[in-house]
Amino acid sequence: DAGITQSPRHKVTETGTPVTLRCHQTENHRYMYWYRQDPGHGLRLIHYSYGVKDTDKGEVSDGYSVSRSKTEDFLLTLESATSSQTSVYFCAISVRQGGMIEQYFGPGTRLTVT
Amino acid sequence: TQLLEQSPQFLSIQEGENLTVYCNSSSVFSSLQWYRQEPGEGPVLLVTVVTGGEVKKLKRLTFQFGDARKDSSLHITAAQPGDTGLYLCAGHNTDKLIFGTGTRLQVFP
């Protein structure tokens, strides 16, 4: 257990509204990631962070922004939610073990955009 | 763009059968990992393979990394209902992981 929590766990929102998902970790890990998971696509990286205020885009970053003002919190914001952003969102941290990275995931947030 | 294709996408088998899941890419990865995900939870790391040709065993699960470090396989011997889940491979790319498309396994008693 890497001490990762996500909130909310479930959310239903309407098209065009802003939505913020929160990822919280308790073990001071430097790297944090946001993924979305959709059938047939595995996990796709949205954004990641390598330190406070240091973030970078992943492969599916359009329509999403992130912020990391504290080590323990990584926020994902959907500026104006669309139905295509209905998905399950996972936060992860990574740990370096002998030159390799191992990722540990939160429980996920199921987001439905109507 | 680096892609990892897994096959088969779905697999339904009876308890006691053997199975193999494949993870293929045209890109070389420095290491490759396998995760298992159960419904309503995040993926959990099973194993990391690093060296081309490497074979690792985890009880009834055998993982192999291709010689060219572009592909991997997961073999399960005598599958059990507890093996049911989504299996994901992931290739290591600098500070990120590239995940495969996933194989959903259902093992019936």
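Residues numbered from 1 in each chain as written. Chains lettered and ligands numbered in written order. Predicted model: local features only at pLDDT ≥ 70, side-chain atom pairs only at ≥ 80, totals over all residues. Heavy atoms only, no water.

1. Re the nonpolar core
It is characteristic of soluble globular proteins that their nonpolar side chains tend to be buried jointly.
And step 1. Core analysis: the biggest nonpolar cluster contains 22 residues, and Leu19(B), Leu32(B), Trp34(B), Leu74(B), Ile76(B) and Leu105(B) have the highest contact counts within it.
And step 2. The set of elements that each furnish at least two residues to this core consists of strand E2 (10-14), strand E3 (19-24), strand E4 (32-37), strand E5 (44-49), strand E7 (61-65), strand E8 (71-76), strand E9 (85-93) and strand E11 (103-108) of chain B.
And step 3. If sequence neighbours within four positions are ignored, Leu19(B) has contacts with Leu11(B), Ile13(B), Leu74(B), His75(B), Ile76(B), Ala79(B) and Leu105(B).
And step 4. Membership of the second largest hydrophobic core comes to 20 residues, among which are Ile46(A), Leu78(A), Cys91(A) and Ile93(A). (Core = buried A, V, L, I, M, F, W, Y, C linked by side-chain atoms within 4.5 Å. Buried < 20%, exposed > 50% of the residue type's maximum accessible area, 1.4 Å probe, protein only. Helix = DSSP H or I, 4+ residues; strand = E, 2+ residues; numbered from the N terminus. Contact = heavy atoms within 4.5 Å.)

2. Here's the deal with the confidence of the model for chain A
And step 1. This prediction gives chain A a mean pLDDT of 93; 98% of its residues lie at or above 70.
And step 2. Here strand E10 (residues 100-105) of chain A stands out as the element of chain A with the lowest mean pLDDT, 86, in contrast to strand E8 (residues 73-78) of chain A, whose mean of 98 is the highest. (pLDDT = per-residue confidence, 0-100.)

3. Topic: the pairing of E5(B)
Residues and elements named next belong to chain B.
And step 1. Bridge count for E4 against E5 is five bridges, and the pairing is antiparallel. Note that in E5 the partner of arginine 36 across the bridge is valine 44.
And step 2. Hairpin connection of E4 to E5: six residues between the antiparallel strands, including glycine 40 at a positive phi of 80°. (Pairing = 2+ DSSP bridges.)

4. Considering the state of the cysteines
Working definition of a disulfide: a covalent bond connecting the sulfur atoms of two cysteines.
And step 1. Scanning the model with the defined rule gives two disulfides over all chains in all.
And step 2. What pairs with Cys23(A) in a disulfide is Cys91(A), and their sulfur atoms sit 1.8 Å apart. As the torsion about the S-S bond is roughly -70°, the Cys23(A)-Cys91(A) disulfide counts as left-handed. Within this pair, whereas Cys23(A) is found in strand E3 (residues 19-25), its partner Cys91(A) is found in strand E9 (residues 87-97), the two being separated by 68 residues in sequence. Across the pair, exposure class does not vary: Cys23(A) and Cys91(A) are buried alike.
And step 3. The disulfide bridge from Cys23(B) ends at Cys89(B), spanning 2.0 Å between sulfur atoms. Residues Cys23(B) and Cys89(B) are joined through a disulfide that is right-handed, its torsion about the S-S bond being 80°. Linking Cys23(B) in strand E3 with Cys89(B) in strand E9, this pair joins segments that are 66 residues apart in sequence. (Disulfide = S-S within 2.5 Å.)

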